[in-house]
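Read off the chains here:
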Number of protein chains: 2
Amino acid sequence: MSDLDDVIPTGRRAVTRQKILEAAYALFTAQSVNLVGVDTISARSGVAKMTLYHHFQAKENLVLAYLDLRAKRWTVGWLKAGVKTRGATPRARLLAIFDLFHEWFEDEGFEGCPFLRIICESEAGSPVHKATAAKLGQIESFAGQLARGAGLPDPNGLAAAWMMLMEGAIMSARAGRKDAALKAKEAAAVLLAAWDRKSAKTAAVKTASIKRGAKAVRKRKPSR
Amino acid sequence: MSDLDDVIPTGRRAVTRQKILEAAYALFTAQSVNLVGVDTISARSGVAKMTLYHHFQAKENLVLAYLDLRAKRWTVGWLKAGVKTRGATPRARLLAIFDLFHEWFEDEGFEGCPFLRIICESEAGSPVHKATAAKLGQIESFAGQLARGAGLPDPNGLAAAWMMLMEGAIMSARAGRKDAALKAKEAAAVLLAAWDRKSAKTAAVKTASIKRGAKAVRKRKPSR
DNA sequence: CGAATTTTATACAGATCGGTACAATTATTC
DNA sequence: GAATAATTGTACCGATCTGTATAAAATTCG
């Protein structure tokens with residue numbers, strides 16, 4: 001037994017920790033992080049509350065561990081893997097994201113995206129907020145890889161747009177639109193077909209014109 | 001004095017009610033509805049808590065009143081009005097939405113969109129959730145009017161896509177992307193230019209193919 | 001077996017939440 | 001000025017929250 005025996009967690013301590021994390025995963029995925037109490041996690045996991053605080057010193061650490069697990073299971077194990085089996089080319093895989101979303105939204109247990117929920121309800125500069133933003137960035141990077149693999153111009157720009165369509169589809173679905181993924185895929189298909197006729201230079205010019213226009217017309221600060 | 005004298009609120013009661021609502025507006029706009037307590041609203045408004053409960057029997061009613069006021073001020077007084085002054089044609093106005101968003105996101109007090117926050121954190125079938133979804137639908141209808149005014153095909157489809165880009169831009173900005181509105185406008189411009197070459201029939205065909213594809217490849221239910 | 005580690009139950013601290021009881025005070029209105 | 005309506009302060013209820021103190025019980029392992 002070397003000093004690295006904890007890399008493969010088979011001990012009692014690791015099992016207990018996993019039970020806590022599994023309960024937190026189910027609860028945090030279904031409900032708001034702020035609405036799930038530590039006592040609920042303790043009860044659901046069958047692990048005493050004291051033990052829970054022995055493993056995670058504060059609830060925040062449990063949330064951070066949840067974010068890692070969610071990214072591993074959802075982003076990698078579900079989104080990336082699912083897209084790979086549904087599309088042969090990077091282009092097809094970009095569009096297949098919305099097929100996966102459609103099934104996700106139709107799931108009876110769909111309660112929106114935990115990442116977006118946490119982005120909404122956590123304080124702007126907090127560790128949880130930063131960690132969640134990083135998980136979202138990981139998803140956008142994935143879209144960027146596909147765009148680059150498809151040989152598209154300005155792949156980062158397309159990834160940003162794709163990300164917004166994904167986020168918007170999730171929010172619309174959460175707001176009750178059952179066809180959000182279908183509508184998003186339609187728009188995504190149109191956007192993708194047109195993106196080829198877009199050069200990186202065009203993007204820069206457009207950005208500049210936006211900035212000039214915004215500054216020129218500004219009159220007064222409205223109510224936000 | 002007729003029995004309709006309360007349509008123009010000048011009485012003491014109406015003034016008090018407005019003070020409460022103004023405090024709630026500022027607080028609910030800046031922070032989460034669940035994190036703002038009734039005591040805080042009472043303190044900020046300078047109105048006793050008992051009086052607050054005389055006007056609004058429960059906090060939920062105050063939230064519902066806030067949603068109406070927010071829609072009146074933000075959707076109508078800021079978004080619709082701002083877009084009108086910045087664009088002469090419906091097409092220009094559609095794109096001008098993202099210019100407004102850019103200024104919004106740059107505002108120091110930007111804390112995301114209250115509508116989206118409430119959609120995230122309220123229960124799916126609750127009155128607050130439904131009312132908020134209706135306010136979002138109002139915004140989408142506005143985009144649909146512009147699309148129809150621009151003579152675009154499938155204006156409702158474009159409105160849905162536009163709404164998702166708007167929602168996604170807000171979420172991305174909240175997650176830290178300062179250029180979210182610029183990236184959204186780039187994508188929106190590309191999408192808009194390509195939307196002309198899209199017929200309503202194409203949309204129906206694409207939707208059907210999505211449904212077939214999703215059902216055919218389905219293997220197992222993943223972790224949501 | 002015996003010792004170290006881990007988990008357990010209970011009870012509680014301190015804070016915040018939405019909502020209410022009560023009695024007194026203030027302002028309006030005829 | 002008197003009757004009515006509206007607002008006030010304070011204290012409280014019961015429930016919830018994160019986190020802890022304590023000491024016993026269960027498990028692992030040399």
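An account of the accompanying structure is given in this report.

Parameters at a glance
- Residues numbered from 1 in each chain as written.
- Chains lettered and ligands numbered in written order.
- Predicted model: local features only at pLDDT ≥ 70, side-chain atom pairs only at ≥ 80, totals over all residues.
- Heavy atoms only, no water.
- Contact = heavy atoms within 4.5 Å.
- Buried area = accessible area lost by both parts, 1.4 Å probe.
- Salt bridge = Lys/Arg side-chain N within 4 Å of Asp/Glu carboxyl O.
- Polar contact = N/O pair within 3.5 Å; in protein donor to acceptor, adjacent residues only side chain to side chain.
- Helix = DSSP H or I, 4+ residues; strand = E, 2+ residues; numbered from the N terminus.
- Nonpolar A, V, L, I, M, F, W, Y, C, P; charged D, E, K, R; others polar.
- Disulfide = S-S within 2.5 Å.
- Buried < 20%, exposed > 50% of the residue type's maximum accessible area, 1.4 Å probe, protein only.
- Near = heavy atom within 4 Å.
- Expected span 1.5 Å × (residues − 1).
- Least-squares fit on C-alpha atoms with pLDDT ≥ 70 in both.
- Core = buried A, V, L, I, M, F, W, Y, C linked by side-chain atoms within 4.5 Å.

### A short note on the interface of chain B and chain A
Line of reasoning, step 1. In this assembly, 67 residues from chain B lie in contact with 67 residues from chain A.
Line of reasoning, step 2. Summed over both partners, the interface of chain B with chain A buries about 5,900 Å², with 62% contributed by carbon and sulfur atoms.
Line of reasoning, step 3. For the pair chain B and chain A, the number of links is four salt bridges.
Line of reasoning, step 4. For B:Arg177, the salt bridge goes to A:Glu140, with nearest N and O atoms at 2.3 Å.
Line of reasoning, step 5. At the boundary of chain B and chain A, one finds 10 residue pairs in polar contact (both at pLDDT 80 or more).
Line of reasoning, step 6. Elements that contribute at least two residues to the side of chain B that touches chain A include exactly helix 1 (12-30), helix 4 (59-86), helix 5 (90-106), helix 6 (114-121), helix 7 (127-149), helix 8 (155-174), helix 9 (180-195) and helix 10 (200-217) of chain B.
Line of reasoning, step 7. For the side of chain B that touches chain A, the element with the most residues is helix 9 of chain B, which contributes 12 residues.
Line of reasoning, step 8. Of the residues assigned to the side of chain B that touches chain A, the class counts are 33 nonpolar, nine polar and 25 charged.

### What about the state of the cysteines?
Line of reasoning, step 1. Considering all chains together, one arrives at zero disulfides over all chains under this definition.
Line of reasoning, step 2. We note that A:Cys113 lacks a disulfide partner, and the nearest cysteine sulfur, in B:Cys120, lies 8.5 Å from it.
Line of reasoning, step 3. With a relative accessible area of 7%, A:Cys113 lands in the buried category.
Line of reasoning, step 4. The cysteine B:Cys120 is free of any disulfide, with A:Cys120 supplying the nearest cysteine sulfur at 3.8 Å.
Line of reasoning, step 5. For B:Cys120, a relative accessible area of 8% translates into the label buried.

### Section: the protein's contact with DNA strand C
Line of reasoning, step 1. Near DNA strand C, the surroundings consist of 20 residues, among which A:Thr16, A:Thr51, B:Val38, B:Lys49 and B:Lys59 are the closest.
Line of reasoning, step 2. For DNA strand C, the fraction of atoms within 4 Å of the protein that belong to sugar or phosphate moieties is 65%.
Line of reasoning, step 3. A:Thr51 is positioned with one of its side-chain polar atoms (N or O) 3.1 Å from a phosphate oxygen of DNA strand C.
Line of reasoning, step 4. Residue B:Lys49 places a side-chain N or O atom 2.5 Å away from a base oxygen belonging to DNA strand C.
Line of reasoning, step 5. Breaking the surface near DNA strand C down by element, the ones donating at least two residues are helix 1 (12-30) and helix 3 (49-55) of chain A together with helix 3 (49-55) of chain B.
Line of reasoning, step 6. Top element by residues in the surface near DNA strand C is helix 3 of chain A. It accounts for four residues.
Line of reasoning, step 7. Looking at the surface near DNA strand C, its residues break down into nine nonpolar, six polar and five charged.

### Regarding the environment of A:Gly149
Line of reasoning, step 1. Mapped onto the elements, A:Gly149 comes out in helix 7 (residues 127-149).
Line of reasoning, step 2. Note: C-alpha distance between A:Gly149 and A:Thr89 (60 residues apart in sequence) is 8.5 Å.

### A word on helix 1 of chain B
An α-helical segment advances 3.6 residues per turn. Residues three or four places apart therefore align on the same side.
Residue and element names in this part refer to chain B.
Line of reasoning, step 1. Taking 1.5 Å as the rise per residue, helix 1 with 19 residues should run 27 Å; its terminal C-alpha atoms sit 28 Å apart, in good agreement.
Line of reasoning, step 2. Of the positions making up helix 1, those classed as buried are Thr-16, Ile-20, Leu-21, Ala-23, Ala-24, Tyr-25, Leu-27, Phe-28 and Thr-29.
Line of reasoning, step 3. In this structure, the buried residues of helix 1 make contact with helix 2 (38-45), helix 3, helix 4 and helix 6.

### A short note on the relation of the copies chain B and chain A
Both copies of the chain are placed relative to one another by a rotation about an axis and a shift along it.
Line of reasoning, step 1. For the pair chain B and chain A, the relating rotation is 180°, the translation along its axis is 0.0 Å, and the fit reaches an RMSD of 0.0 Å. Overall, the copies show the geometry of a two-fold rotation axis. When each C-alpha of chain B is compared by its distance to the rotation axis, B:Gly168 comes out closest, at 2.2 Å.
Line of reasoning, step 2. In this assembly, 100% of the residues forming the interface of chain B have copies in chain A that are likewise at the interface, indicating an isologous arrangement.

### Observations regarding the nonpolar core
Line of reasoning, step 1. In terms of nonpolar packing, the biggest core is built from 146 residues, with A:Leu79, A:Phe101, A:Trp162, B:Leu79, B:Phe101 and B:Trp162 touching the most fellow members.
Line of reasoning, step 2. Setting aside residues no more than four positions away along its own chain, A:Phe101 makes contact with A:Trp74, A:Trp78, A:Leu79, A:Met166, A:Ile170 and A:Ala181.

### So, unusual backbone geometry
All names here are of chain A.
Line of reasoning, step 1. With a phi angle near 45°, Asp-154 is a residue other than glycine that sits in the positive phi range.
Line of reasoning, step 2. Inspection of the secondary structure assignment puts Asp-154 in the loop between helix 7 and helix 8 (155-174).
Line of reasoning, step 3. With relative accessibility at 18%, the residue Asp-154 sits in the buried group.

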